[in-house]
Amino acid sequence: MNLLRLLKKSFSYFCPITLSKHSSAVSGTLELTFRNGQLVLDTQNTNYSYGTVGYLLYYGLKQVGIGNIRAMQHILVLGVAGGSVLKTLVNRIGYCGKLTGVEIDPHIVQIAKQYFQIDHLPNLQLVIADAQQFVQNTTERYDLIIVDIFQDNQMPDFLFTDTFVAHLMQLLRPQGTVLMNTLCLTDHDARRNRTFATRLEQHYSLKTFPKVEETNELFIIRPAQ
């Protein structure tokens, strides 16, 4: 780490320090910022990787079960961004199985490689693709599917469709799990999530975790028992 970057990291304990800004045709403005000594990836209106997102997804993974995750063979992450959940799985949880990460934005993948070295993670396959199309076409099966897809501070409508969820459930191995991260910023978001949860409960086993880091709600979805 060069001296200027080291100084920025040190001063970030007092206030956030922007390291660089990038423009993406898919994701808009992206900022790499040191915050409390940690490099995070933000869009114009929300945290994309590390920072708050890292904390809440680790919370979700603990609800799935750390021991359960360590025993898994293949995990799919839809929405890689800077790769914080991938690093959490490998470095914090100790997961040693196969990882597949799907990200629609090639510019973000380059940032994740250059600044966060996610391509150094063992057993990781990075795929640049639309998640909706990927789940329709893949023939793989997964023990855990993590859905963490946003466009700045918005979530694509397809994530909340019965068709998309059905595709996810078809990709699960027996006893598999879907962990879905949602933003819940407005009354509209809250109504969307309640409607979504009601539909899920008709077909699957569901646990919800509202108000995680205040602005997010996590869904853990499993096949009905």
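Residue positions are counted from 1 within each chain, in the order its sequence is given. In keeping with the model being predicted, local features are shown solely for residues with a pLDDT of at least 70 and side-chain atom pairs are shown and tallied solely at 80 or more, while totals for entire chains, interfaces and linings include all residues. Excluding hydrogens and water, the side-chain values take into account all heavy atoms of the structure.

Asker: Could you give an account of the pairing of strand β2 (residues 28-35), with specific residues and numbers?
Answerer: Strand pairing is assigned whenever DSSP identifies at least 2 bridges connecting the two strands. Under the scheme used here, helices are H or I runs from DSSP no shorter than 4 residues and strands are E runs no shorter than 2 residues, and both carry numbers assigned from the N terminus. Sheet analysis places strand β1 (residues 17-24) next to β2, joined by seven bridges and oriented antiparallel. Its bridge partner lying in β2, Ser-23 is registered against Thr-29. Joining the antiparallel neighbours β1 and β2 is a turn of three residues. As paired strands, β2 and strand β3 (residues 38-43) are joined by six bridges and run antiparallel to one another. When the sheet's bridge partners are listed, Leu-30 is paired in β3 with Thr-43. Between β2 and β3, which pair antiparallel in sequence order, lie two residues; one of them, Asn-36, sits at a positive phi of approximately 55°.

Asker: Please give an account of the side chain of Asp-105 that cites residues and values.
Answerer: Locating Asp-105 in the fold gives a position in the loop between β6 (98-103) and α5 (106-116). Working definition: with a 1.4 Å probe on protein chains only, accessible area under 20% of the residue-type maximum means buried, over 50% means exposed, and in between means partly exposed. His is not counted, nor are the chain ends, whereas Lys and Arg count as positive and Asp and Glu as negative. Salt bridges are defined by distance alone: a side-chain nitrogen of Lys or Arg within 4 Å of a carboxyl oxygen of Asp or Glu. Buried and unpaired, Asp-105 has no salt bridge, with Lys-113 as the nearest side chain of opposite charge at 12 Å. The contact criterion used throughout is that any non-hydrogen atoms of two residues lie within 4.5 Å. Beyond its immediate chain neighbours, meaning those up to four positions away, Asp-105 contacts Ser-24, Val-26 and Ser-27.

Asker: Please give an account of the pattern of salt bridges that cites residues and values.
Answerer: Enumeration over the complete set of coordinates arrives at five salt bridges. In this structure, the salt-bridge partner of Glu-31 is Lys-21, at a minimum N-O distance of 3.5 Å. One end of the pair, Glu-31, is in strand β2; the other, Lys-21, is in strand β1, with 10 residues separating them in the sequence. Among the residues examined, Glu-31 registers a relative accessible area of 23% and is labelled partly exposed. Of the residues examined, Lys-21 reaches a relative accessible area of 58% and is grouped as exposed. When the shortest N-O distance is used, the salt bridge between Asp-189 and Arg-192 registers 3.6 Å. Of this pair, Asp-189 and Arg-192 both sit in helix α8 (residues 187-201), separated by three residues, roughly a single helical turn. Here Asp-189 and Arg-192 have matching classes, each one buried.

Asker: Describe α8, naming the residues involved and giving the relevant values.
Answerer: Between its first and last C-alpha atoms α8 spans 21 Å; for 15 residues at 1.5 Å apiece the expected length is 21 Å, and the two agree. For α8, the set of buried residues is Asp-189, Arg-192, Asn-193, Phe-196, Ala-197 and Leu-200. Seen along its axis, α8 keeps its buried residues to an arc of 130°; they face one direction. Opposite the buried face of α8, at more than 90 degrees from it, the exposed residues are Asp-187, His-188, Arg-191 and Glu-201. Helix span, expected: 1.5 Å multiplied by one less than the number of residues in the helix. The arc in question is formed by the directions pointing from the helix axis toward the C-beta atoms.

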